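Here are the chains, one letter per residue:
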Amino acid sequence: MRVMVGHYYPYCPQPDLTVGLTSHTDPGVITLLLQDQVGGLQVKHGDEWVDVAPVPGALVVNIGDILQIMSNDEYKSVDHRVLANPSQEPRVSIAVFCNPSNREKDFGPFPELVSSDKPPAFREFTFKEYMRRFFTKELDGKSLINFFRA
Ligand SMILES: O=C(O)CCC(=O)C(=O)O
Ligand SMILES: [Fe+2]
């Protein structure tokens, strides 16, 4: 199920005191993100926040938590955030979230990616449980995915 979200970050007179969008990982499979030229998006690399400089016409593709789970930890969902906007011009971004759909079968690592060398890193769970955890989780980065670790 795809969801499109438009974000609007107005000018912030005191950007050091707050953030535009707090650090998180996207819960779905993949996110396609179009940001404008104002900038402020950062991804976490090790312990450092790295700017994702705007490139005209380029899309940012984020790996989400469900893809990390289905790939049995081969792909990692990325922690990211948006700084408060110090420029007079508002910042606008558009995200398309490619999310799993509700289905009867459980979610978990693909069997093809599980072996005796690589045991399942996550347990199986239902879509309903995933959504319930998503809506009750803390705001910090990896609390959702860590809940489903085997
Ligand atoms: O506004 C941005 O550049 C990022 C938005 C985002 O991370 C999200 O909607 O999950
Ligand atoms: Fe995000």
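Our structure is the block above this text.
Residues numbered from 1 in each chain as written. Chains lettered and ligands numbered in written order. Predicted model: local features only at pLDDT ≥ 70, side-chain atom pairs only at ≥ 80, totals over all residues. Heavy atoms only, no water.

Digging into the nonpolar core
Note the cut-off: Residue types Ala, Val, Leu, Ile, Met, Phe, Trp, Tyr and Cys, when buried and joined through side-chain atoms within 4.5 Å, form a set referred to as a nonpolar core. Summary of the burial criterion: residues with accessible area below 20% of their type's maximum are buried, those above 50% are exposed, and those between are partly exposed, where the area comes from a 1.4 Å probe applied to protein chains only. Here a strand is any run of E in DSSP of at least two residues, a helix any run of H or I of at least four, and the numbering for each starts at the N terminus.
Ranked by internal contacts, the top residues of the largest apolar core, which has 13 residues, are I66, I69, F107, F122, F125, Y130 and F148. Secondary structure elements with two or more residues in this core: helix 1 (65–70), helix 2 (127–136) and helix 3 (143–147). The element contributing the most residues to this core is helix 1, with four residues.

Concerning helix 2
Just so we agree on the cut-off: The arc refers to the directions leading from the helix axis to the C-beta atoms. Should any heavy atoms of two residues lie within 4.5 Å, those residues are considered in contact.
Within the sequence span of helix 2, burial applies to F127, E129 and Y130. One side of helix 2 carries all its buried residues, which in axial view fall inside an arc of 160°. Exposed residues lying more than 90 degrees from the buried face of helix 2 are K128, F135 and T136. In this structure, the buried residues of helix 2 make contact with helix 1 and helix 3.

A closer look at unusual backbone geometry
Trans peptide bonds make up the majority, and among non-glycine residues the majority have a negative phi. Even without being glycine, N72 reaches a positive phi, approximately 55°. Topologically, N72 is positioned in the loop between helix 1 and strand 7 (80–83). One non-glycine residue with positive phi stands out, namely D73, at about 75°. As for its placement among the helices and strands, D73 is situated in the loop between helix 1 and strand 7. The buried category is assigned to D73, whose relative accessible area is 16%.

Remarks on the site of ligand 1
Threshold: Proximity is defined per residue: if any heavy atom of the residue lies within 4 Å of a molecule or strand, that residue is considered near it. Polar contact is defined as a pair of N or O atoms within 3.5 Å, subject to the rule that within protein one atom must be able to donate a hydrogen and the other to accept it, and that residues adjacent in sequence are counted only when both atoms are side-chain atoms. Methods summary: accessible areas were calculated by the Shrake-Rupley approach with a probe of 1.4 Å, and residue burial reflects only the protein chains presented. Lining residues are defined by having an atom within 4 Å of a point belonging to a cavity or pocket. Those points lie on a 1 Å grid over the protein atoms alone, cavities being sets where a 1.4 Å probe fits but cannot get out and pockets being open sets with protein on both sides within 12 Å along at least five of seven lines. Molecules are considered to sit inside a cavity or pocket once more than half of their atoms lie within 2 Å of its grid points. Note on residue classes: Ala, Val, Leu, Ile, Met, Phe, Trp, Tyr, Cys and Pro are nonpolar, Asp, Glu, Lys and Arg are charged, and everything else, Gly too, is polar.
In the region of ligand 1, the neighbouring residues are H7, Y9, L21, H24, D26, L33, L41, H80, V82, R91, S93 and F97. In the model, an oxygen atom of ligand 1 is placed 3.1 Å from a nitrogen or oxygen of the D26 side chain. Take R91: an N or O atom from its side chain is 2.8 Å from an oxygen atom of ligand 1. Burial of ligand 1 by the protein chains amounts to 95% of its free accessible area of 290 Å². With respect to the detected pockets, ligand 1 is housed in the largest pocket. Where the shell around ligand 1 is concerned, the elements lending two or more residues are strand 1 (2–9), strand 2 (19–24), strand 7 and strand 8 (91–98). The biggest single contributor to the shell around ligand 1 is strand 8, with three residues. Classifying every residue of the shell around ligand 1 gives six nonpolar, four polar and two charged.

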